[in-house]
Amino acid sequence: MAGLINNLLILLLVFQNTCLGFKNPLSVFKRYKDTTRSLSSECLGNNRPVISLGLTDFALDIRMPGVTPKQSDTYLCMSLRLPVDEEAYVVDFRPQASMDTVHHMLLFGCNVPSSTENYWDCDEGICTDKSNILYAWARNAPPTRLPKGVGFKVGGETGSKYFVLQVHYGDVSAFRDKHKDCSGVTLHLTHQRQPLIAGMYLMMSVNTVIPPGEKVVDADIACHYQKYPMHLFAYRVHTHRLGKVVSGYRVRNGQWTLIGRQSPQLPQAFYPVEHPVDISFGDTLAARCVFTGEGRTTETHIGGTASDEMCNFYIMYYMEAKHAVSYMTCTQNINPDMFRNIPQEANIPIPVKSDMIMMTHGHHHEETKKTDDSSSLKQPKREEEEVLDQDFHIEEAVDWPGVNLKLGQVSGLALDPKNNLVIFHRGDHVWDRNSFDSSFVYQQRGLGPIEQNTILVIDPSNAEVLDSTGKNLFYLPHGLSIDKDGNYWVTDVALHQVFKLGVHDKEPLLILGRSLQPGSDKNHFCQPTDVAVDPVTGNIYVSDGYCNSRIVVFSPNGMFIMQWGEESSVGEAKPGQFRIPHSLTLVPEFGQLCVADRENGRIQCFRSETGEFTREIKHKLFGRELFAVSYIPGGLLFAVNGMPYPGDIEPVQGFMMNFSTGEIMDTFIPVRKNFEMPHDVVASEDKTVYVGDVHAKTVWKFTSTEKMEHRSVKKAGIEVQEIKEAETVIEAKLKNKPVSTESPKKWEKHHMVEQASPGISFVLITTLLIIPIVVLLAIAVFIRWRKTRVYGADADHKLESSSGRILGRLQGKGSGGLNLGNFFASHKSYSRKGFDRLSTEGSDQEKDEDDGTDSEEEYSAPPPPPVSSSS
């Protein structure tokens, strides 16, 4: 009997180690319960390093524990242990720093940090074993996203057990007020095995000397590649102030293929490799940094201080898991003659406008002397550009409880004059394929109007319901806006009407359209989608709609003024043509009205007084559908797109754009739950963004990092919002599910599983574990019986030997990669102080030296194939 028990214990041990996918992240919190970091009161929200993101994912917040560097060019390090023993994968990096305080950050992975203190001077070292660079940040670079299915492997038997953060504080004048710094990075990790393993390839010059006054100096790096194929997906350049351009190439059979080229004076982000580049055995990797020595009176060497220079070209790659190498370096030039054939583009500096230099250096309101390559490019700023500050990112406010509100399909969002969030939802009604007949007449009138309050006023800070109205008025709510006086303007696609409602009035103040009568003349609408009211003239703009393709304008008292627009023609849509004008936003400063032209996947803007077309904003990242758009004073435009069609790769996400240029400045997705069909978006002047989803029946709140940032960014003039909970500022899974053809019941079932309470999750996991255990018990009894018959008394001994081998296989140690500190220390050119700190980057912050349930929840009007999802 004892042998049987031993056998069962061994089988259970093996089973436990093969069921990591069922590990409840709550164990992560238990592990950290007694090890919460003690931090300065100025590092609000930074005392909870681990935050669960579901059954398999969690966030790890790695921050400096409230430090105040005493002198410039200080390098400080801190470590954080991976909160799980089994292997995990880092799939997203979110920086939490401002270059007004921090010059650069590096994140290393290793098994034995050089110190066990909360933080230490990096002169003492980073790790005592091998270390790998996982991430690098400088110059207010935006977040780094990894492709779907790609992750940096950590933990387990071979991955790093510790993260070590190195922060370089370049100019301590930022700490005159003695504030505490909590800079760092937030990681999104998952237990889900990633088929492709990410790694970092660092190319760097070690012996470049820049003579004073020399106009052009090249630093060249080249190495043979002699490993399994790797696929490059992102690159990053780094120099200090003398760098003009850095370029990286693959050289194969004499042909130079560009990996990436960028000015190091722009934000030093990981930029995507524009065209896929693979590296195979026998290829050569080559890079060139172009410097100028003008303005210097002494030689400039490679080093880590403000007066030194650097030439780094980082490459993020992925490899098949079985061949993966996590970190590689190249510090030599194997063939100087080959650079005679380098493409000419590598020698041409990238012009950088002086206002961009000020922005990347944080001097937004200071005069900066023009550089040689920017003086001729200085352009007068447009009014809205003067107030744009790109040193922030949009991230979900993960401690906002509004995602847990019990709502119907969320169709519209708006902000009232007090900046409260107002939600327009459908209660217990849904829009599916049975809602309308072929003439767009509503078929479910027998259900009666929605008996719940459809308009909810929500406190933006704690999501408490402050007020509610709209009971027994609507059948299928859709668009919502609020005028300057606080009146609600809504559309109902079933009633084919637009309503004006006073906050406390039980009856509408104004009704446009004929109840339940679709049409296309001056007095009828056909499934109107949205409404906007001009704050100056009071004119009313209606987007009409699913079965009309027009914008209709009315006077403040509801008199028809004009209309424009027509249905999109076959082929490329022309200006003024629509395929479901789905959302409206006014741009009062410029007298424009912008329309989310949903099925054409674009934004069209028009002069609000005349309907004259002014511009189109369209990006590949939008995909085929763009659902909603919102403008805030200061020149920012926010939008959300739709789920990708089968075969498409553009994810569903939110966008922040520069209105004047149309450029995408940032994208964002939620951490809690996933976007399914984000239907409306609204933003406030402080860059707080709300997104409502008809399928997920959820509203998310997103804030800019200038609101969620820690005290260290105070030097940039950013207003700090004190946050009691830990900041989880990572973005969720990089990609979202493709368009599904599941039935409404399947969607509902999926939604219920995603929102299951912790108790339900526990029961589910327990049930899933018990079933295999029962099966294993039966198998074990059978094995015992068979072995007793075949081997007799020797059975127990044989099984015990086997169990010893199994236990042996379950043991192992982690390992890291190249020890850069020892490598640099052994190189005679690296005796400079900057590299005594084991840094691969130096100071580039220095001041100027001179101065329906799927497609059925909402069913589209009949557009040409492919059939789109409605909303």
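Keep in mind that what you see is a predicted model, and the values were worked out from it rather than measured.

A. Main features of the state of the cysteines. Summed over all chains, the structure comprises 6 disulfides. Bridging Cys-110 to Cys-127, the disulfide has an S-S length of 2.1 Å. Between Cys-110 and Cys-127, the S-S dihedral sits near -75°, and the bridge is therefore left-handed. Placement of Cys-110 in strand β5 (residues 104-110) and of Cys-127 in the loop between β6 (120-121) and β7 (132-138) is noted, with a sequence separation of 17 residues between them. Look at Cys-110 and you get buried, because its relative accessible area is 0%. A residue is classified by how much of its surface remains accessible, and Cys-127, at 9% relative accessible area, is buried. Here Cys-526 connects covalently by a disulfide to Cys-547, the sulfurs 1.8 Å from one another. Of note, the bridge from Cys-526 to Cys-547 carries an S-S torsion of about -95° and is left-handed in sense.

B. Spotlight on the pairing of β5. Within β5, 7 of the 7 residues are buried, which leaves the element mostly enclosed by the surrounding structure. Side chains of β5 alternate between two faces, with His-104, Leu-106, Phe-108 and Cys-110 and Met-105, Leu-107 and Gly-109 buried alike. Looking at chain direction, β5 and β7 are connected through 6 bridges and run antiparallel. Note that in β7 the partner of Met-105 across the bridge is Trp-137. With 7 bridges connecting them, β5 and strand β10 (residues 162-169) associate as antiparallel partners. Bridge pairing links Leu-106 to Gln-166 in β10.

C. The arrangement of a negative patch on the surface in detail. A contiguous patch of negative charge on the surface is contributed by Glu-117, Asp-121, Asp-123 and Glu-124. With respect to the secondary-structure elements, Glu-117 resides in the loop between β5 and β6.

D. Region of the structure containing the side chain of Ser-411. If you trace the backbone, Ser-411 turns up in strand β24 (residues 410-415). Polar side-chain contacts of Ser-411 include one of 3.3 Å to the backbone oxygen of Pro-477. With sequence-adjacent residues up to four places away left out, Ser-411 is seen in contact with Phe-424, His-425, Arg-426, Pro-477, His-478, His-679, Asp-680 and Val-694.

Parameters and conventions
Residues numbered from 1 in each chain as written. Predicted model: local features only at pLDDT ≥ 70, side-chain atom pairs only at ≥ 80, totals over all residues. Heavy atoms only, no water. Disulfide = S-S within 2.5 Å. Helix = DSSP H or I, 4+ residues; strand = E, 2+ residues; numbered from the N terminus. Buried < 20%, exposed > 50% of the residue type's maximum accessible area, 1.4 Å probe, protein only. Pairing = 2+ DSSP bridges. Patch = residues over 30% accessible without salt bridge, like charges linked within 9 Å, V, L, I, M, F, W, Y side chains within 5 Å. Areas by Shrake-Rupley, 256 points an atom, 1.4 Å probe, with all protein chains shown as cover. Salt bridge = Lys/Arg side-chain N within 4 Å of Asp/Glu carboxyl O. Lys, Arg positive; Asp, Glu negative; His and termini not counted. Charge placed at Lys NZ, Arg CZ, Asp CG, Glu CD. Polar contact = N/O pair within 3.5 Å; in protein donor to acceptor, adjacent residues only side chain to side chain. Contact = heavy atoms within 4.5 Å.

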